[in-house]
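Descriptive structure summary
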Amino acid sequence: MAQRSLKGIAVVGGGPAGLMAALTAARHGAAVVLVDENAEPGGQLRKQIHKFFGSKAHRAGVRGYRIAQELISDCTAAGVELLGQSVVFSLRECTLDLLQKDDAFNLKADAIILATGASENALAFPGCTLPGVMGAGAAQTFVNLHRVLPGRRVLMVGGGNVGLIVAYQLLQAGAEVVGVVEALPYLSGYQVHAAKIKRAGVPIWTSHTVLEARGDQEVQEVTIAAIDDHFHPLPGSERTLAVDTVCLAVGLTPLAELAWQAGCRFCYQGALGGYVPLHSDNMETTLPHVYVAGDIAGVEEASTALEEGAIAGLAAAAAIGCPVPIAEFDAAQERLVSLRKGPFGDIRQLVKSEIVKRWADCRVVE
Amino acid sequence: MRITNHPLLGPQPPVNLVPLEVDGQVIWAKEGEPIAAALLAYGIRLCRTTKRRGEPRGVFCGIGHCTDCVMTVDGIPNVRTCVTPVRAGMKVTTQRGLGQWPNDH
Ligand code: FES
């Protein structure tokens with residue numbers, strides 16, 4: 001297998017965290033290679049056509065795909081080398097094994113930043129494997145980025161922000177959304193998003209679940225039912241809807257295979273989507289010179305992924321000997337903390353501190 | 001179905017359409033879009049059938065992770081159509097089971 005050695009940093013994943021990490025490290029003088037599996041980098045920012053919330057420092061009011069465009073051109077200007085359509089299939093210490101088209105080679109770097117993101121959770125019910133049942137995020141990519149409708153009549157499962165936003169964007173794109181089903185007795189997504197689909201007349205069924213999807217070769221109908229406090233379906237409440245698509249917006253799980261493989265220590269944090277690699281406030285894992293940023297380090301939002309990317313970029317650059325003023329770390333940390341506000345943000349901040357504590361404990365023992 | 005006019009994104013910008021052969025039929029695809037997107041534009045949602053029970057599978061994750069969307073592309077089986085860009089003249093076939101390599105009998 002061909003070998004390549006890089007005096008610098010290899011970043012895996014070109015979404016918000018990876019782009020920001022690559023850009024930040026390159027701006028501080030590091031040689032950076034950014035590896036991404038897709039034809040073009042940008043990750044999930046590319047399909048985000050709604051405006052960001054929050055403050056000016058966090059690019060409020062800017063649509064996600066524009067942020068991706070800016071970051072990509074800034075990366076190019078800063079000298080980041082982009083390896084597109086490249087799959088990383090292993091990580092040992094600071095060496096990546098890569099498959100680019102049909103060529104396999106390995107890339108040894110001085111530091112690694114993993115920014116591989118998250119994957120959507122599945123939901124098990126009879127018929128859940130039929131074509132037409134898909135992740136809500138997957139449907140969003142087809143609609144907003146590739147501009148094709150995955151189906152005409154859609155049931156959305158999940159009333160969090162992803163479910164509500166994608167339901168609205170499906171409507172905007174001309175699909176019919178027959179309803180939103182949520183197992184909890186309330187919607188957990190923001191009120192603004194819920195209001196938009198309610199105004200459009202989309203029924204919202206809380207305390208409901210999907211029982212079954214049916215169809216010959218693909219989805220043709222779906223049965224839903226009300227559930228009790230223990231999430232058991234209530235007999236007699238079943239209702240069958242003619243749909244060709246069922247979108248699942250039932251949470252995300254960090255995509256952390258490379259970190260597992262490399263031997264990073266993990267902990268389970270339900271509030272962040274599952275097992276996450278332990279990391280310091282500087283986003284370093286329990287392995288020296290291996291960093292994480294964005295959803296792999298715990299599922300949050302694009303805005304937090306950008307800030308974690310900035311921190312990982314600064315820390316990795318400093319670790320390989322680039323001069324990084326300490327004030328920049330402090331400023332990035334402050335911006336990150338300011339994003340974790342409100343009931344959900346407070347929990348995430350708490351859990352993140354717990355992760356950092358566990359990371360420090362590991363370091364002391366070893 | 002293609003979204004020709006989007007309230008936020010505006011009309012579809014002019015694109016280069018290229019032929020793509022799907023199970024022997026020619027469809028027109030945008031060069032560079034994922035194969036799966038080109039198929040969805042024509043309402044084609046079945047990508048493969050499973051090895052033992054022959055159950056249908058189609059796009060699920062859209063990010064190259066679940067492998068439900070694999071098809072045989074230019075004779076190579078198990079190609080993830082959600083992350084593989086269309087090139088002019090590609091030949092795509094619905095895959096049965098694990099598919100067949102060109103020199104496999
Ligand atoms: S849809 Fe999951 S790999 Fe393509």
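Residues numbered from 1 in each chain as written. Chains lettered and ligands numbered in written order. Predicted model: local features only at pLDDT ≥ 70, side-chain atom pairs only at ≥ 80, totals over all residues. Heavy atoms only, no water.

Observations regarding the pairing of strand β3 (residues 17–22) of chain B
Residue and element names in this part refer to chain B.
- Residues V18, L20 and V22 line the buried face of β3, whereas the alternating positions L17, P19 and E21 sit on a face that is not buried.
- With six bridges connecting them, β3 and strand β4 (residues 25–30) associate as antiparallel partners. Bridge pairing in β4 places V22 opposite Q25.
- Taking the residues between adjacent antiparallel strands as the criterion, β3 and β4 are bridged by two residues, where D23 takes a positive phi near 50 degrees.
- Sheet topology places β3 next to strand β9 (residues 91–93); two bridges connect them, and they run parallel. Directly across from E21, in β9, lies its bridge partner K91. (Buried < 20%, exposed > 50% of the residue type's maximum accessible area, 1.4 Å probe, protein only. Helix = DSSP H or I, 4+ residues; strand = E, 2+ residues; numbered from the N terminus. Pairing = 2+ DSSP bridges.)

Notes on the pattern of salt bridges
- The tally for this structure, following the rule as stated, stands at 23 salt bridges over all chains.
- Linking B:E33 and B:R2 is a salt bridge whose minimum nitrogen-to-oxygen distance equals 2.9 Å. Of the two residues, B:E33 is situated in the loop between β4 and α1 (35–41) and B:R2 in the segment before β1 (5–6); the sequence distance between them amounts to 31 residues.
- Here B:E33 falls in the buried class, since its relative accessible area comes to 5%.
- Through salt bridges with shared partners, one network takes in A:E300, A:E308, A:R340, A:R348 and A:K352. (Salt bridge = Lys/Arg side-chain N within 4 Å of Asp/Glu carboxyl O.)

Here we look at the packing of aromatic side chains
All names here are of chain A.
- Enumeration according to the criterion identifies three aromatic pairs over all chains in this entry.
- Between W260 and F266, the ring centres sit 3.6 Å apart and the planes meet at 5 degrees, which makes this aromatic pair stacked.
- The class of F266 is buried, set by a relative accessible area of 14%.
- Through a chain of ring-to-ring contacts, the aromatic side chains of W260, F266, Y268 and Y275 assemble into a single cluster. (Phe/Tyr/Trp six-rings, centres within 6.5 Å; stacked < 30°, edge-to-face > 60°.)

Digging into the environment of B:P19
All names here are of chain B.
- Its location among the elements puts P19 in strand β3.
- The class of P19 is partly exposed, set by a relative accessible area of 31%.
- In this structure, the C-alpha to C-alpha distance between P19 and R53, residues 34 residues apart in sequence, is 32 Å.
- The contacts of P19, once residues within four sequence positions are left out, are V26, I27, W28, R87, A88, G89 and M90. (Contact = heavy atoms within 4.5 Å.)

Considering the sheet that holds strand β5 (residues 48–49) of chain B
- Ordered in space as β6-β5-β10 (chain B), the three strands form an open sheet in which the pairing is mixed. Each of the sheet's edge strands pairs with one partner strand only, and the pair in question is β6 (56–57) and β10 (95–96) of chain B.

Concerning the interface of chain B and chain A
- In this complex, chain B contributes 35 residues to the contact, which on the side of chain A involves 42 residues.
- With both sides pooled, the region where chain B packs onto chain A buries about 3200 Å², and carbon together with sulfur makes up 58% of that total.
- Looking at the side of chain B facing chain A, the largest losses of area belong to B:M1, B:R45 and B:F60, adding up to 25% of the total buried there.
- In this structure, the connection of chain B to chain A is made through two salt bridges.
- Two residues, B:R45 and A:E218, come together in a salt bridge whose shortest N-O distance is 3.6 Å.
- Applying the counting criterion to the chain B and chain A interface returns 12 residue pairs in polar contact (both at pLDDT 80 or more). (Buried area = accessible area lost by both parts, 1.4 Å probe. Polar contact = N/O pair within 3.5 Å; in protein donor to acceptor, adjacent residues only side chain to side chain.)

Considerations on the domain arrangement of chain A
Residue and element names in this part refer to chain A.
- Examined at the domain level, chain A breaks down into domain 1 (2–119 + 252–365) and domain 2 (122–248).
- Of the residues lining the interface, eight residues belong to domain 1; the matching set on domain 2 comes to 12 residues.
- Where domain 1 abuts domain 2, roughly 870 Å² becomes buried across the two surfaces, and 62% of that area is made up of carbon and sulfur atoms.
- Here domain 1 and domain 2 share zero salt bridges between them.
- In terms of residue class, the side of domain 1 that touches domain 2 is made up of three nonpolar, two polar and three charged. (Domains from an automatic or database assignment. Nonpolar A, V, L, I, M, F, W, Y, C, P; charged D, E, K, R; others polar.)

A word on the pairing of strand β3 (residues 32–35) of chain A
All names here are of chain A.
- Alternating positions in β3 separate into two faces, V32 and L34 on one and V33 and V35 on the other, with burial throughout.
- Note on the crossover from strand β2 (residues 9–12) through helix α1 (residues 16–27) to β3: the handedness is right-handed.
- In the sheet, β3 pairs with strand β4 (residues 81–83) via three bridges, with the strands oriented parallel. Pairing of L34 across the sheet is with L82, part of β4. (Right-handed = clockwise from strand over helix to strand, strands pointing away.)

Structural notes on the packing of α1(A) against helix α7 (residues 302–319) of chain A
Residue and element names in this part refer to chain A.
- Between α1 and α7, the least distance of the axes is 7 Å, while the angle of their chain directions is 35 degrees. Along this stretch, α1 crosses α7, giving a crossing that reads as right-handed. Residues P16, A17, M20, A21, T24 and A25 of α1 form the contact with α7, whose participating residues are A302, A305, L306, G309, A310, G313, L314 and A317.
- Across the contact of α1 with α7, the residue classes break down as 11 nonpolar, three polar and no charged. (Axes fitted to C-alpha atoms, helices over the stretch in contact; angles between N-to-C directions. Left-handed = near helix turned anticlockwise from the far one by under 90°.)

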